[in-house]
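One-letter residues, chain by chain:
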Amino acid sequence: MSEVRFGPGGIPDWLEPMVRFCSRCGGELRFGAIPGEERDRLACPSCGFVFYVNPRLVVTTLPITDRGEVMLIRRGIAPGYDRWAQPGGFLEIDETVRDAAIRETLEETSLVVEPGAIVGLYSRVQAAVVVVAFEARIVGGRPSVTRESLETRPFAPDEIPWTEIAFETSVRALRDWVERVRPDLPLPDASTIQRAFGA
């Protein structure tokens, strides 16, 4: 089990204030046993609606240059402000995972990419997210500063600024990618690089 602190509503304590009332009838949600469920859940005693709290999907890319470098952004927004990460963001309800990877990369780097192999799939219970990371070929655009990035630049596998990476899931994705493309390089233990709240 993770070290996440769960509040009396059975969900991470930071999320609980946002999930108090039934989206169907407005009644107050209660946490407890539900007939037919194997675990306690949030539910509305007024109308019987069961409120399932599921993780959000974050779609990211590792855009790779023709020289085999990975393009990272220095984040211009929280969480992870002024730290490095791969471009990515939340999947929208009306798009495929591939479309989200292309859109998020364009929004954060001004690069057009073609997603390829999945580098990995990473769960982070503390942030209530599941992150998918694609390796991506750059097919257009020029790297630039955007409203979400302070800088966009390439890093060779042996130049990645591990201690300046914003998120645990970014460390894990970059580590898995480097392990594939440069297995000769020493890599940090992802569990020893502590990150603040976020993906």
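Look a little higher up for the structure.
Reading the values: rules and limits
- Starting afresh in each chain, residues are numbered from 1 along the sequence in its written order.
- pLDDT decides what is reported in this predicted model: residues at 70 or higher carry local features, side-chain atom pairs at 80 or more are listed and counted, and totals for whole chains, interfaces and linings draw on all residues regardless.
- Only hydrogens and water are set aside when side-chain values are computed; all heavy atoms of the structure are taken into account.
- Note on pairing: DSSP must find at least two bridges between two strands before they are called paired.
- Only DSSP runs of H or I with at least four residues qualify as helices, and only runs of E with at least two residues qualify as strands; both kinds are numbered from the N terminus onward.
- For every residue, the accessible area (1.4 Å probe, protein chains only) is compared with the maximum for its type, and the residue is labelled buried under 20%, exposed over 50%, or partly exposed between those bounds.
- Contacts described as polar in this section are N or O atom pairs within 3.5 Å, which, within protein, must combine one atom able to donate a hydrogen with one able to accept it, while residues neighboring in sequence count only if both atoms come from side chains.
- Patch rule: a residue counts if its relative accessible area is over 30% and it has no salt bridge; like charges are joined within 9 Å, and nonpolar side chains (Val, Leu, Ile, Met, Phe, Trp, Tyr) within 5 Å.
- Each accessible area value is a Shrake-Rupley result obtained with a 1.4 Å probe; residue values ignore everything except the protein chains displayed when judging cover.
- The term salt bridge refers to a side-chain nitrogen of Lys or Arg lying within 4 Å of a carboxyl oxygen of Asp or Glu.

Undergrad: I'd like a description of the sheet that holds strand 3 (residues 50-51), backed by residues and values.
TA: Read from one edge of the open sheet, 3 strands run 1-2-3, paired in antiparallel fashion. At either margin of the open sheet sits one strand with a lone partner, and together these are strand 1 (30-32) and strand 3. Pairing between strand 2 (residues 41-43) and strand 3: 2 bridges, direction antiparallel. If you follow Ala43 over to strand 3, its bridge partner there is Val50.

Undergrad: Let's hear about the pairing of strand 5 (residues 70-75): which residues, and what values?
TA: In terms of burial, strand 5 is a largely internal element, 5 of the 6 residues being buried. Pairing of strand 5 with strand 10 (residues 149-155), which is carried by 6 bridges, proceeds in the antiparallel orientation. By the bridge assignment, Ile73 is partnered in strand 10 with Thr152. In this structure, strand 5 lies alongside strand 6 (residues 84-85), joined through 2 bridges in antiparallel fashion. If you follow Ile73 over to strand 6, its bridge partner there is Ala85.

Undergrad: Explain the side chain of Arg124 to me, using residue names and the numbers behind them.
TA: In this structure, Arg124 sits in strand 8 (residues 111-124). A polar side-chain atom of Arg124 sits 3.3 Å from a polar atom in the side chain of Gln126. Within the structure, the side chain of Arg124 is placed 3.1 Å from the side chain of Glu168, a separation counted as a polar contact.

Undergrad: Any chance you could break down a nonpolar patch on the surface for me, citing the residues and the numbers?
TA: Together, Leu106, Val112 and Val139 line one region of the surface with nonpolar side chains, adding up to about 220 Å² of accessible area. By the secondary structure assignment, Leu106 is in helix 1 (residues 97-109).

Undergrad: Which residues make up unusual backbone geometry, and what values do they have?
TA: Residues Ala78 and Pro79 are joined by a peptide bond in cis, for which omega reads -5°. Locating Pro79 in the fold gives a position in the loop between strand 5 and strand 6. Positioned with a positive phi, Asp82 is a non-glycine residue whose angle comes to about 70°. Among the secondary structure elements, Asp82 is positioned in the loop between strand 5 and strand 6. Unlike most non-glycine residues, Ser110 shows phi in positive territory, near 70°. Structurally, Ser110 can be placed in the loop between helix 1 and strand 8. Relative accessible area serves as the criterion here: at 23%, Ser110 is assigned to the partly exposed category.

Don't take any of this as a statement about function, it's just geometry.
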